[in-house]
Amino acid sequence: MSALHLVTGGDEPRRRVLVADLVARRPGARVLTWGDDSTHEDARDHAPAALAVLTTSAEDLLLAAELPGEVVRDLTAVLRDGDLLALLGAAAVLASAPGEDLEDVVLLVPPGSDPARLVALPDRAARLARSLVPLVARWDAVVAPAGIGLPRPPAATIDALRAVTHLMDLLDARLCGDATVHHLPADGLVEAGRTAELALALALMGRRVADPTAAVDQAMDPARDGSRHDGSSPDASAAGAPDPDGAAAAAPDAAGAAGAAGEASPFVLRLSLPGLTARDITLEREDDDLVVTAGRRSRCTRLSPLHRRCRVVDASMRAGVLTVELEPDESVWPR
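Residues numbered from 1 in each chain as written. Predicted model: local features only at pLDDT ≥ 70, side-chain atom pairs only at ≥ 80, totals over all residues. Heavy atoms only, no water.

Caption draft 1: Looking closely at the nonpolar core. If you look at the biggest cluster of nonpolar residues, it comprises 45 residues, and the most contacted ones within it are Leu-6, Leu-88, Leu-107, Met-168 and Leu-171. Those elements that provide at least two residues to this core are strand S1 (4-8), helix H2 (50-64), helix H4 (82-94), strand S4 (105-108), helix H5 (115-137), helix H7 (156-176) and helix H8 (189-204). Leave out the neighbours within four places in its chain, and Leu-107 touches His-5, Leu-6, Val-7, Leu-32, Trp-34, Ala-43, Leu-87 and Ala-90. (Core = buried A, V, L, I, M, F, W, Y, C linked by side-chain atoms within 4.5 Å. Buried < 20%, exposed > 50% of the residue type's maximum accessible area, 1.4 Å probe, protein only. Helix = DSSP H or I, 4+ residues; strand = E, 2+ residues; numbered from the N terminus. Contact = heavy atoms within 4.5 Å.)

Caption draft 2: Representation of the environment of Glu-325 within the structure. Position of Glu-325 among the secondary structure elements: in strand S11 (residues 321-328). The spatial distance from the C-alpha of Glu-325 to the C-alpha of Asp-314 is 5.1 Å, given a sequence separation of eleven residues. Every residue in contact with Glu-325, bar those within four places of it in the chain, is listed here: Phe-267, Val-268, Arg-311, Val-312, Val-313 and Asp-314.

Caption draft 3: Fine view of the side chain of Asp-172. Looking at where Asp-172 falls in the secondary structure, it is placed in helix H7. Of note is the side chain of Asp-172, whose polar atom sits 2.8 Å from the side chain of Arg-299. In this view, Asp-172 contacts Pro-122, Asp-123, Met-205 and Arg-299; residues no more than four positions away in its chain are not counted. (Polar contact = N/O pair within 3.5 Å; in protein donor to acceptor, adjacent residues only side chain to side chain.)

Caption draft 4: Molecular detail of a nonpolar patch on the surface. Taken together, Leu-67, Val-71 and Leu-75 make up a surface patch of nonpolar side chains, about 220 Å² in accessible area. Along the chain, the position of Leu-75 falls in helix H3 (residues 69-75). (Patch = residues over 30% accessible without salt bridge, like charges linked within 9 Å, V, L, I, M, F, W, Y side chains within 5 Å. Areas by Shrake-Rupley, 256 points an atom, 1.4 Å probe, with all protein chains shown as cover. Salt bridge = Lys/Arg side-chain N within 4 Å of Asp/Glu carboxyl O.)

Caption draft 5: Representation of the packing of H2 against H7. At a minimum axis separation of 8 Å, H2 and H7 run at an interaxial angle of 130°. Accordingly, the angle class assigned to the pair H2 and H7 is oblique. Crossing angle aside, the handedness with which H2 passes H7 is left-handed. Here Ala-50, Val-53, Leu-54 and Ser-57 of H2 come into contact with H7, specifically with Ala-156, Thr-157, Ala-160, Leu-161, Ala-163 and Val-164. Of the residues that constitute the contact of H2 with H7, the class distribution is eight nonpolar, two polar and no charged. (Axes fitted to C-alpha atoms, helices over the stretch in contact; angles between N-to-C directions. Parallel < 35°, antiparallel > 145°, perpendicular 65-115°, else oblique. Left-handed = near helix turned anticlockwise from the far one by under 90°. Nonpolar A, V, L, I, M, F, W, Y, C, P; charged D, E, K, R; others polar.)

Caption draft 6: Here's a closer look at the pattern of salt bridges. What the rule picks out here adds up to 23 salt bridges. Of the charged contacts in the structure, one is a salt bridge between Asp-21 and Arg-25, with a shortest N-O distance of 2.8 Å. Of this pair, Asp-21 and Arg-25 both sit in helix H1 (residues 12-25), separated by four residues, roughly a single helical turn. A relative accessible area of 25% means that Asp-21 is categorised as partly exposed. On the basis of relative accessible area, Arg-25 is assigned to the exposed category, the value being 52%. Taking the shortest distance from any N to any O, the salt bridge between Arg-117 and Asp-83 comes out at 3.2 Å. One end of the pair, Arg-117, is in helix H5; the other, Asp-83, is in helix H4, with 34 residues separating them in the sequence. Accessibility expressed as a relative area gives 31% for Arg-117, which makes it partly exposed.

Caption draft 7: Quick peek at the sheet that holds strand S5 (residues 180-183). Here five strands make up an open sheet; going across it, the order is S3-S2-S4-S1-S5 and the pairing parallel. Every other strand in the sheet has two partners, leaving strand S3 (41-42) and S5 as the edge strands with one partner each. Where S1 lies against S5, four bridges are found, and the strand directions are parallel. Within S5, the residue paired with Leu-6 across the bridge is Val-181. (Pairing = 2+ DSSP bridges.)

Caption draft 8: View of the sheet that holds S11. The strand order S6-S11-S10 describes an open sheet built from three strands, whose pairing is antiparallel. What marks the edges here is a single partner per strand, and that holds for strand S6 (268-272) and strand S10 (310-318). When the angles between neighbouring strand axes are averaged without regard to direction, this sheet yields 20°. Examined bridge by bridge, S6 and S11 share five bridges and lie antiparallel to one another. Bridge pairing links Ser-272 to Val-321 in S11.

So this is what it looks like as C-alpha cells:
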C-alpha cells in the first residue's frame, strides 16, 4: 500500500524543502496539488466524472424548480469546491490499482486552503452522498410524486453518489489511519488559529498534529543540531507519531472496535481523542451516531447494528481515551 503524506500550512520555503525531502526519501513518489502551483500534478485532473454528474443533476433539478440562475449557482457551489474535487482526485489515485505496489502520494495543500476543514471534508462528503442514495432511489415516492413537475434525476446519479461515497470513505480511512499530516504554519494570528483548529480536527479523528519545523530546518542546514528540546528525533514530530503512553493514535471507529473487543462486556466503546480532556468535549447521541464536539469541530462515529439498539448510560475520559458505556434499550431490543 502506498503511503499518504499531507503537507499543510503557509510557510512556503519550508514546505518546498519538506516536499523535496519526502520525494528524495521515496523515489517515485507522486506530488499532487491544486490551485496556482503548476510545478506538480493537479489533483483535480484525476477526479472521476461523478462530481460533474452530480453538479449537472443538481442544476437541472433546481432550474426545473424555476429558481433564478444566481440562486442555482449559489446552491451548487459546494459541488464545484476546488478542495473537494482535489480530494476526490487524490482518493482516485490512491484507489487506482488495488493490490499493487504504488508509489507514495504527497498531497501538497495550497496555503489558502483551511487544513482543518480539509481533513474533515472526506467524512462529511461521504456521509452526505450516502444519505442521498435512498432519497434519489425512491424519488417518485419520497420527493416528487407524479404531477409535481420535478424531473427524476438520471440513473447515473445514484452511481455517482456511490462513487463519491466510496472514494471519500477510502480517503477518510487513510487520514484516520496511516496518513501523515506535516503542518508548517507561517507566522501570524490566522496561521496560529488554523494550527489550533487542525489540532482539534485531527484529535477528533484519533490523530495528533505536530510541527516538523525542526526536521525541515535540519534539512535546510545540516550543520544545525536536529535534536528537539524534548530529546526526540526530528522525524517524530510528524502527525500520527506514537502517543506518550506508547500507543499509536487510532481512528475513532478502530479505537471503538478495539476497545469493545477488549472488554468483558460488548457494550463498551473506546474512542481515541489524543490531547483532549473531559472539559474539552461534549458527547451526544444523534440517531445511529455518537457525536463528539470539541470547540467548533465535531466528528460522528456510526454505531454498529448492535449498539444502535442501545442507550448511552455513562461516559468518561482518561489519558485521551473516551470510554462510552451502553446498555440494551428494551423498547427496541428483539424479544
